[in-house]
Amino acid sequence: MKLSRRDALKLGGLAAVGTAGLALPLGRSVQAGTPSLLSTGNFPPRYTNVLTIPEAMQPVRQDVVDGKVVKKYYDVTAKTVPAAKILPKLSTIMLGYNGSVPGPRIDVDQGQAVQLVVRNALGATTGTFGTPSPISTHLHGSASLPQYDGYAGDLTLNGQKKYYQYPNFQPARTLWYHDHAQHYTAQNAYSGLAAQYHLHDAVERAALPQGEFDVPLTVSDAMFQANGALMYDDRTHSGLWGDVILVNGVAWPVLKVKRAVYRFRLLNASISRSYRPTLSNGAQVHMVATDGGMMPKVQKVSQWRHGSAERYEFLVDFRSYAPGTRIELKNLSNPNNRDYDHTGKIMAFDVVGDPVSDAVKNWRIPTEFRCVVDPATGQKRLTDDPSAPLVNDEVMGLVPTKDMEVRTLRVQKSDVTNLWSINGETWDDVVRSDYRKVVADPDLGDTEIWEIQNNSGGWFHPVHIHLIDFKILSRNGRPPFPYEMGPKDVVYVGENETVRVIMKFGPHRGKYMVHCHNLPHEDHDMMHQFSVGLDDDHPDGNDPITGERPTDDDHS
Ligand code: C2O
Ligand code: CU
C-alpha cells in the first residue's frame, strides 16, 4: 500500500487520537487505486455540488374523518432512470421509485394509515445490471403485517403491482422503504430502490427541530465504469465498497446552514460500507434518536459507528459559528471496510448569516425526553415533569429476568460453500422447507433475549430483526455505546463481538425475516426467519407467500 503524505498524516493523527483512549477500534486503511474506472475529469469533485433535499411525495388521495386525515394513498412505480446526473460530464442509468434517486420521501403522522401501491415497470431484467427484475418492497422500521413486510419470497413481477398497508401506530421515527427481493436485494437497493419515510408524532414534533431544520441525509457509496455506468463488484459476496460517497444521490455535497440547531436524519443506505461519522472541527453532536425513534437521554458524541440500514438522528448547533465557516462531516471508517482516497469525506456544511427567528436563536437543546398521555387527545405529549416516564420506555424499559428465553444466533461464513449463514442455515434452506423453517418461535407478547455472536475477526455484520424494536443490553458483556442507547432494529455486530438484545414480540402473529444488512451477505445467504404466535391453535393467517398476492398492473 502506497500512502500519500496527506494519508500518512491522517493516519498518524488518528493513531494519536487512538492512544488517547477511544472506545472504538481504529481500522482505517486506505487502499491503493480506486475501483471506479472513471478518468480524472469525470470523477466527481468534493464539496462542490449542492445537497438536494427531496420534497415529500404528495398522496394521490386521502381519507378524511372529522377533518382529520386518517389514511393516505401513495403510488410509486419502480422503473429505470435512464440518465441520473451524478458525475460531472456523464450520465448514469439507475433504478428509482417514480424515477427518482433516492426515491420520494413519504411523511406521515402517527395514526395515519398508508396504502402504498408499488408497480414494477422495470422490464424483463434490470436496466442497471441485467439481473432478474422481480421486486419486494420492505418498509424498514414498520411493524407491518407479514404480507405487507416485503418478504423476500413475496415477489412482484414486471408488469405487476402490489398494495402495501402500513399501520403507522408506532412512535415517531425515521423509516425507509427499499427493495428486498430474494438474492437481488443488493443490486436493486444499490441501483437506487431506496427512500426515506418519516413518521411524526406529537412528542417528536414538540421535542425536535422541524421543517427546514429537519434534514434527511441518505448516505451511500458507488463505483462507476469509464462510461459513467454503475459498476457492481461485491468481491465474491464479501461486500461492495465504492470510492464515491453520495448523500441524497449527490457526490460529496455541500449544504448551506443558517446559524441554528439542525436535526439530521442520517440513514446509511450503503449496501456494505459502514461509517464512523465525525465533524471536522471536533464538535460533538447531540444524538437524539436511533432506528426506532427518540432516545430517552440525549447523548453527546464526537463519532459513532454507523452500519448499513442504521438510522441515527443528531443535532448540530451551528449558532456560534461565523458566517463563512465550513464544517465537514467526515468518515473515520471502521475495520474491514475498504477505504479509498476520498471515502473519508461525506459532505460539508457552509454556515451562512441569514437571519433566524428568536425562537431558533434561543432554543434550548434538550438533555432527555419525558412524556405523558394527554387526556384530551389520548396521545402522548412531551413534558418537563421529571417524574414522568422517559420516551419509548415500552422498549427501553425492558429488563431481563431469570426465566426469560435466551436464543443464540451465530452469524458466520462457510469456507466450503462461500455462503454466509445464521446458525449454519441459509435463506435457501428456508425456501426449501417451503418457508416453514424458523430460527425462533416466540409466542405473541413474549419478551426474549437474543445473543448474536460473531466469532470472526474478519467481518462485521449489521443484523436487522424485522417487526420489533429492541434494546441493546450488552456487547461482549459491556454496556452498549452511549449513542445506541435508544430503540433499535439493526445492531452493529463487530469483529469478535457478542451482542445481547432484548425485545417483546408483537403486535402481529406471523413470519418475519432476520438477516445481515450487508446486502451481499443477506443475498448469499445470511437470512433466516422467526415466527410469532404460530401454533396449532393459531395457523398462519398472514402468510406472505400464499396471502395477499400482487396483481396485474394495467397502469390505471
Ligand atoms: Cu432494511 Cu430486511 O431490511
Ligand atoms: Cu454480514
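Residues numbered from 1 in each chain as written. Chains lettered and ligands numbered in written order. Predicted model: local features only at pLDDT ≥ 70, side-chain atom pairs only at ≥ 80, totals over all residues. Heavy atoms only, no water.

K.L.:
Give a description of unusual backbone geometry that names residues and reports values.
P.N.:
Residues valine 101 and proline 102 are joined by a peptide bond in cis, for which omega reads -10°. Within the fold, proline 102 resides in the loop between strand 3 (92-97) and strand 4 (106-109). Residue asparagine 423 is not a glycine yet carries a positive backbone phi of 50°. In this structure, asparagine 423 sits in the loop between strand 25 (420-422) and helix 6 (427-432). Even without a glycine there, the phi angle at aspartate 434 is positive, about 65°. Since its relative accessible area comes to 49%, aspartate 434 is described here as partly exposed. (Helix = DSSP H or I, 4+ residues; strand = E, 2+ residues; numbered from the N terminus. Buried < 20%, exposed > 50% of the residue type's maximum accessible area, 1.4 Å probe, protein only.)

K.L.:
Residues and numbers for the sheet that holds strand 26 (residues 447-454), please.
P.N.:
Read from one edge of the open sheet, five strands run 25-24-26-30-28, paired in mixed fashion. Taken across any chain shown, the strands that pair with only one partner, and hence form the sheet edges, are strand 25 and strand 28 (470-475). Pairwise comparison of adjacent strand axes, ignoring direction, gives a mean angle of 20° for this sheet. (Pairing = 2+ DSSP bridges. Axes fitted to C-alpha atoms, helices over the stretch in contact; angles between N-to-C directions.)

K.L.:
Go over the packing of aromatic side chains with me, naming the residues and quoting the values.
P.N.:
As enumerated under the stated definition, the model contains 28 aromatic pairs in all. Consider the rings of tyrosine 166 and tyrosine 197, whose centres lie 6.1 Å apart with planes at 90°: the pair is edge-to-face. Placement of the pair is tyrosine 166 in strand 7 (residues 160-166) and tyrosine 197 in strand 9 (residues 194-200), with a sequence separation of 31 residues. As far as burial versus exposure is concerned, tyrosine 166 and tyrosine 197 are alike and both buried. Ring geometry for phenylalanine 505 and phenylalanine 530: centres 5.5 Å apart, planes at 70°, overall edge-to-face. Pair noted here: phenylalanine 505 is in the loop between strand 30 (497-504) and strand 31 (510-516) and phenylalanine 530 is in strand 32 (residues 527-532), with a separation of 25 residues, a long-range link. Here the aromatic residues Phe213, Tyr262, Phe264, Trp304, Tyr312, Phe314, Phe318, Tyr321, Phe349, Phe481 and Tyr483 are joined through ring pairs into a cluster of three or more. A cation over a ring is seen here: lysine 162 above tyrosine 164, with NZ or CZ 5.6 Å from the ring centre. (Phe/Tyr/Trp six-rings, centres within 6.5 Å; stacked < 30°, edge-to-face > 60°. Lys NZ or Arg CZ within 6 Å of the ring centre and 35° of its normal.)

K.L.:
With reference to specific residues and values, describe the side chain of lysine 511.
P.N.:
With respect to the helices and strands, the residue lysine 511 is situated in strand 31. The class of lysine 511 is buried, set by a relative accessible area of 8%. Separated by 3.1 Å, the side chain of lysine 511 and the backbone oxygen of tyrosine 435 make a polar contact. Not counting residues within four places of it along the chain, the set of residues in contact with lysine 511 comprises Pro146, Tyr151, Tyr435, Gln529, Phe530, Ser531, Leu534, Asp540 and Asp543. (Polar contact = N/O pair within 3.5 Å; in protein donor to acceptor, adjacent residues only side chain to side chain. Contact = heavy atoms within 4.5 Å.)

K.L.:
Help me get a handle on the pairing of strand 29 (residues 490-493), residues and values and all.
P.N.:
Covered by surrounding structure in strand 29 are Val490 and Tyr492 together with Val491 and Val493, the residues of both alternating faces. Summarising the sheet, strand 27 (residues 461-465) and strand 29 pair through four bridges and their orientation is antiparallel. Each residue of the ladder has a partner; that of histidine 464, found in strand 29, is valine 490.

K.L.:
Could you give me a rundown of the confidence of the model for the protein chain, with the residues and numbers involved?
P.N.:
On average, residues of the protein chain carry a pLDDT of 94, and 94% of them reach 70 or more. When the criterion is pLDDT under 50, residues 1-27 qualifies, and its contacts beyond four places in sequence or with other chains add up to 31 contacts. (pLDDT = per-residue confidence, 0-100.)

K.L.:
Go over the coordination of the copper ion (ligand 2) with me, naming the residues and quoting the values.
P.N.:
Think of it this way: four donors in a tetrahedron around the metal ideally sit 109.5 degrees apart, and six in an octahedron ideally sit 90 or 180 degrees apart. Around the copper ion (ligand 2), the protein contributes the donor atoms His461 (ND1), Cys516 (SG) and His521 (ND1), which lie 2.0 to 2.1 Å from the metal centre. As a motif over one chain, the donors of the copper ion (ligand 2) read H-x54-C-x4-H. Taken together, the residues histidine 461 in strand 27 and cysteine 516 in strand 31 connect sequence positions 55 residues apart. Taken as a pair, histidine 461 and cysteine 516 share a single burial class, namely buried. (Donors = N, O, S within 2.8 Å, 3.2 Å for Na, K, Ca; no water.)

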